[in-house]
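Observations on the model geometry
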Amino acid sequence: MESLRKSFIGAVSCAVAGMIVLSAATIWLCLAFQSWLLPDSDEIYITVKTIFADGTSLEAVHRITLDREEGTEQENYHIVPGFTVEGKDAQIKEGRIDSVEKIENSVDQLSPKRKLAYRFSQGAMVGFPLLYSILGILLCAIWFYRKKLAVPIRVLSDASAHIARKDLDFAVEYDSRDELGDLCRSFEQMRQTLYENNRELWNMLEERKLLHASVAHDLRNPIAVIEGYAEHLLLSMEAGSLTDRKLRKTAVNLQRAAKRLSCYTESIRHLDKLEEIEIHRRTESLPELLTELIDDFSVMAGQKGITLKRQSSLPQGEVVVDRQILFRIFENIIVNALRYARKEIQVDFTLEPGKLSVIVTDDGVGFDREILKQRDVKLLLRGSGSGEHIGMGLRISRILCKRHDGELRLANLPQGGASVTIVIGIDAPA
């Protein structure tokens, strides 16, 4: 893994190495230039004025070479012959007076332009290394920022702006193996987690809406059954055809519908998620269970002028099912069928190994083709002359069938009409 610390140390090391090389080269070039400009830089010039006894004077410039012998700490000075005499020629006599007028180095002997160039080279040996240091630090910082910091900072800044706008439909992409790359990957994981949490929360809110809608939907079915029996009872009383047997049967059916209504409200009161409904299987007898299932809805069908037919060749036996779940599913399917059937609804019961199938068909317009393709998404049923409505009962029934180890299948009949197949497991769970 390439770390930012190593990258920073490498960048600084390269910058320092470059500064050292450039400074050394600059100093070497300046020294070479000074050597070319002033080859006798180890010499000094002493101006000596001699006054003789006869009053005459003589000025001479003596060039002295400074030579340090290796291995010693004492400097040896050598007077090099040759001097300039100002005034008339004279011989040195005793009784003269010698005085040093001035001492100059070889630089002072240069012309003004050469002297300026020499002074500039001296300043360059100090100024240019300092300039190289400043430029090296700046270039190193700029390179490191653009190469290692600018891109991830921009990526993280953009990601933060998206999150601030509550927009999680983006991706944090930065392909690097350093610490900032790890930070960007962690930020992407955080974004994905937020996205999943938001989606889960949204789904939970949608389920909550579905649950609230299902409350009214499911409660309406047993209420409609009770209303149907009450109306049937009143009509029988007015017609004078109400017998004790019919009255007793109607009262029993009303009691069952009321009990089912009470069970629905109790289960919904403790319900958090539709998929978390608990299945309470019990042993039920056949075909009595199915007869009871059909009787409740025969009255509702008769009120709408629709015939509810039952076809079954089930033998006497027992199944292990949740009665309330089965009734709830069947109610949803029958109520939907009653909305769109013209004259007839047919219910077929079949037993398969470990499964009970209930096929409900009607002679209505059938399902829209788009609905049949949607499978587990929202179910929309096309009404005849009433626009469209949400098929809440079918969606709830599909979820309940899955909870009961089964499935719900939708189809259209070749001759026209809709077909809904309810399949639930009838075996006790292991």
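Coordinates for the structure precede this section.
Attention in this report is confined to the structure presented alongside it. (Residues numbered from 1 in each chain as written. Predicted model: local features only at pLDDT ≥ 70, side-chain atom pairs only at ≥ 80, totals over all residues. Heavy atoms only, no water.)

**Focus: the overall build of the protein**
- Check the secondary structure of the protein and you find eight helices and 13 strands.
- For the protein, the residues scored as buried account for 36% of the 430 residues in total.
- Counted over contacts in the protein with a minimum sequence separation of 6, partners at least 24 positions apart contribute 67%.
- Summing over all exposed atoms, the protein offers an accessible surface of approximately 26,600 Å²; the carbon and sulfur share of this is 56%. (Helix = DSSP H or I, 4+ residues; strand = E, 2+ residues; numbered from the N terminus. Buried < 20%, exposed > 50% of the residue type's maximum accessible area, 1.4 Å probe, protein only. Contact = heavy atoms within 4.5 Å. Areas by Shrake-Rupley, 256 points an atom, 1.4 Å probe, with all protein chains shown as cover.)

**With respect to the pairing of strand β9 (residues 355–362)**
- Extensive coverage of β9 is indicated by the burial of six of its eight residues.
- As consecutive antiparallel partners, strand β8 (residues 344–352) and β9 are separated by two residues, and within that stretch Gly354 has a phi angle of approximately 75°, a positive value.
- Direction of pairing for β9 relative to strand β13 (residues 418–425): antiparallel, over a ladder of seven bridges. Paired with Val358 across the bridge in β13 is Ile422. (Pairing = 2+ DSSP bridges.)

**Some words on the packing of helix α1 (residues 4–37) against helix α2 (residues 112–164)**
- Viewed as axis vectors pointing N to C, α1 and α2 meet at an angle of 165°, and their least axial separation amounts to 9 Å. Taken together, the axes of α1 and α2 are roughly antiparallel relative to one another. Considering how the two elements wind past one another, α1 and α2 form a crossing that is right-handed.
- A breakdown of the residues in the contact of α1 with α2 according to their chemical character gives 23 nonpolar, eight polar and two charged. (Axes fitted to C-alpha atoms, helices over the stretch in contact; angles between N-to-C directions. Parallel < 35°, antiparallel > 145°, perpendicular 65-115°, else oblique. Left-handed = near helix turned anticlockwise from the far one by under 90°. Nonpolar A, V, L, I, M, F, W, Y, C, P; charged D, E, K, R; others polar.)

**Regarding the sheet that holds strand β12 (residues 407–412)**
- Taking strand neighbours across the sheet as the criterion, the five strands line up as β6-β8-β9-β13-β12 in an open arrangement whose pairing is mixed. Here the strands that pair on one side only, and so sit at the sheet edges, are β6 (307–312) and β12. Neighbour-to-neighbour, the strand axes of the sheet open up by a mean angle of 15°, direction not taken into account.
- Lying on the sheet, helix α5 (residues 288–303) is in contact with β6, β8 and β9; it crosses β6 at an angle near 165°.

**Focus: the packing of aromatic side chains**
- Under the definition given, this model contains three aromatic pairs.
- With a centroid separation of 6.0 Å and an interplanar angle of 35°, the aromatic rings of Phe33 and Trp36 are classed as tilted. Of the two residues, Phe33 and Trp36 are both situated in helix α1; the distance of three residues between them amounts to about one turn of the helix.
- On the basis of relative accessible area, Phe33 is assigned to the partly exposed category, the value being 31%.
- For Trp36, a relative accessible area of 57% puts it in the exposed group.
- Plain terms: the ring middles of Phe128 and Tyr132 are 6.0 Å apart, the flat faces sit at 45° to each other, and that makes the pair tilted. Separated by four residues within a single helix, Phe128 and Tyr132 lie in helix α2, roughly one turn from each other.
- For Phe128, a relative accessible area of 31% gives the class partly exposed. (Phe/Tyr/Trp six-rings, centres within 6.5 Å; stacked < 30°, edge-to-face > 60°.)

**Some remarks on a nonpolar patch on the surface**
- Taken together, the side chains of Phe120, Phe128, Leu130, Leu131, Ile134, Leu135, Leu138, Leu139 and Ile142 make up a nonpolar region of the molecular surface, amounting to roughly 870 Å² of accessible area.
- Along the polypeptide, Phe120 turns up in helix α2.
- Relative accessible area serves as the criterion here: at 58%, Phe120 is assigned to the exposed category. (Patch = residues over 30% accessible without salt bridge, like charges linked within 9 Å, V, L, I, M, F, W, Y side chains within 5 Å. Salt bridge = Lys/Arg side-chain N within 4 Å of Asp/Glu carboxyl O.)

**Some points on unusual backbone geometry**
- Between Leu286 and the following residue, Pro287, the backbone shows a cis peptide bond with an omega angle of 0°.
- Positive phi, close to 60°, is recorded for Lys166, a residue that is not glycine.
- One can find Lys166 in the loop between α2 and α3 (179–239).
- Accessibility expressed as a relative area gives 78% for Lys166, which makes it exposed.
- Located in the positive-phi region is Asp405, a residue other than glycine, with phi close to 60°.

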